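Structural overview for review
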Amino acid sequence: MVMKLRWHELSMPSRAVAWYLQYIGQECELVSVKVFEGEQKSEEYTAKHPMGQFPALEEGDFYLSESSAILQYLAEGRPELPTDRLERAKLEEYITEHHTTVRFLSSECFAQCAYVKENSTATKEEREPILAYRVPIITFILKHYEYVLGQQDYICGKKLTIADFLFCCEVCGCRYLGIESNCNNNISKTHTQTPSA
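Residues numbered from 1 in each chain as written. Predicted model: local features only at pLDDT ≥ 70, side-chain atom pairs only at ≥ 80, totals over all residues. Heavy atoms only, no water.

Here we take up the pairing of strand β4 (residues 62–65). Here strand β3 (residues 56–59) pairs with β4 via four bridges, running antiparallel. Note on β4: the bridge partner recorded for E59 is F62. Counting the residues in the hairpin turn of β3 and β4 gives two residues, including G60, whose phi is positive at 65°. (Pairing = 2+ DSSP bridges. Helix = DSSP H or I, 4+ residues; strand = E, 2+ residues; numbered from the N terminus.)

Laid out in structure tokens, this is it:
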């Protein structure tokens, strides 16, 4: 039975899951969600995914949403999901932090900017209010990770984990929005050494 991933290419969590699927060589059908047409709110979609979220994984009658949950499911038994108690705790710490900081803030910016970009000829000046208070916070968070990655090779320490797939995709999203840390050599290093899809 072939897995299906309902995703959208402009969604960084979607990209993280699609990237990881390719990295582990898992056969999976990618089904693009027609976000701007509201497909994720349809009865057919919410019958399987009640919150209308994507990415969403389908495997037979098993349905799973939330990128971090999907990644943990896919990584079960693989080295990217630590079994050591302390290493696993650091992974959980990052995943929680990820959803409440850079993902939360950048998703607000990204969704609104992407919508404007797809649906109008809005200028950069018209998008500025969307980014105004969020960009300094995201920049601060990126500087924090620049420091962290100066001390270790990967987000959670010396080993590649699913956290790196989440983080690197979010960095790509920030770059799409024109948000960069002033000094991002260590972030770029981690991005480069995370296996390319």
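With three bridges connecting them, strand β1 (residues 3–7) and β3 associate as antiparallel partners. Paired with L5 across the strands is L57, a residue of β3.

The next thing to look at is helix α1 (residues 12–24). Every α-helix winds through 3.6 residues per turn, so residues three or four apart in the chain are directed the same way. Across its 13 residues, α1 extends 18 Å between first and last C-alpha, which sits within 8% of the 18 Å expected from 1.5 Å per residue. For α1, the set of buried residues is M12, P13, S14, A16, V17, A18, W19, Y20 and L21. Just beyond α1, the residue with positive phi is G25, at close to 75°. (Expected span 1.5 Å × (residues − 1). Buried < 20%, exposed > 50% of the residue type's maximum accessible area, 1.4 Å probe, protein only.)

The pairing of strands in a sheet comes from backbone hydrogen bonds and takes either a parallel or an antiparallel form. If you trace the four strands from one edge of the open sheet to the other, you get β2-β1-β3-β4, paired in mixed fashion. Across the chains shown, the open sheet's two edge strands, defined by having one partner strand only, are β2 (28–32) and β4. Neighbour-to-neighbour, the strand axes of the sheet open up by a mean angle of 20°, direction not taken into account. Packing against the sheet, α1 makes contact with β1 and β2, and its axis sits at approximately 150° to β1. Set on the sheet, helix α3 (residues 67–75) makes contact with β1, β3 and β4; between it and β4 the angle comes to about 125°. (Axes fitted to C-alpha atoms, helices over the stretch in contact; angles between N-to-C directions. Contact = heavy atoms within 4.5 Å.)

As a further point, take the packing of α3 against helix α4 (residues 85–100). Look at α3 against α4: their axes get within 11 Å of each other, and the N-to-C directions meet at 155°. The angle between the axes of α3 and α4 places the two elements in the roughly antiparallel class. Here S67, S68 and Q72 of α3 come into contact with α4, specifically with R88, E92, I95 and H99. Considered class by class, the residues forming the contact of α3 with α4 number one nonpolar, four polar and two charged. (Parallel < 35°, antiparallel > 145°, perpendicular 65-115°, else oblique. Nonpolar A, V, L, I, M, F, W, Y, C, P; charged D, E, K, R; others polar.)

What follows concerns the pattern of salt bridges. Considering all chains together, one arrives at six salt bridges under this definition. Residue K48 pairs with E58 through a salt bridge whose shortest N-O separation is 3.6 Å. On the criterion of sequence distance, the pair formed by K48 in helix α2 (residues 43–48) and E58 in strand β3 is long-range, its members being ten residues apart. Two residues, E87 and K159, come together in a salt bridge whose shortest N-O distance is 3.3 Å. Taken together, the positions of E87 in helix α4 and K159 in the loop between α7 (134–151) and α8 (162–176) put the pair 72 residues apart, joining distant regions of the chain. Through salt bridges with shared partners, one network takes in R6, K48 and E58. (Salt bridge = Lys/Arg side-chain N within 4 Å of Asp/Glu carboxyl O.)

Within the structure shown, the criterion is met by eight aromatic pairs. Geometrically, the ring pair formed by Y94 and Y145 is edge-to-face, given 5.7 Å between the ring centres and 75° between the ring planes. In this pair, Y94 is assigned in helix α4 and Y145 in helix α7, connecting sequence segments 51 residues apart. Both residues of the pair, Y94 and Y145, belong to the buried class. Each member of the aromatic cluster is reached from another via a ring pair, and the members are W19, Y20, Y23 and F165. (Phe/Tyr/Trp six-rings, centres within 6.5 Å; stacked < 30°, edge-to-face > 60°.)

Moving on: the nonpolar core. One finds L5, L74, I155, I162 and F167 to be the most contacted residues of the largest nonpolar core, which totals 42 residues. Those elements that place two or more of their residues in this core are β1, α1, α3, α4, α7 and α8. Looking at which element gives the most residues to this core, the answer is α8, with nine residues. Excluding residues within four positions of it along the chain, I155 makes contact with Y94, Y145, V148, L149, A163, D164 and F167. (Core = buried A, V, L, I, M, F, W, Y, C linked by side-chain atoms within 4.5 Å.)

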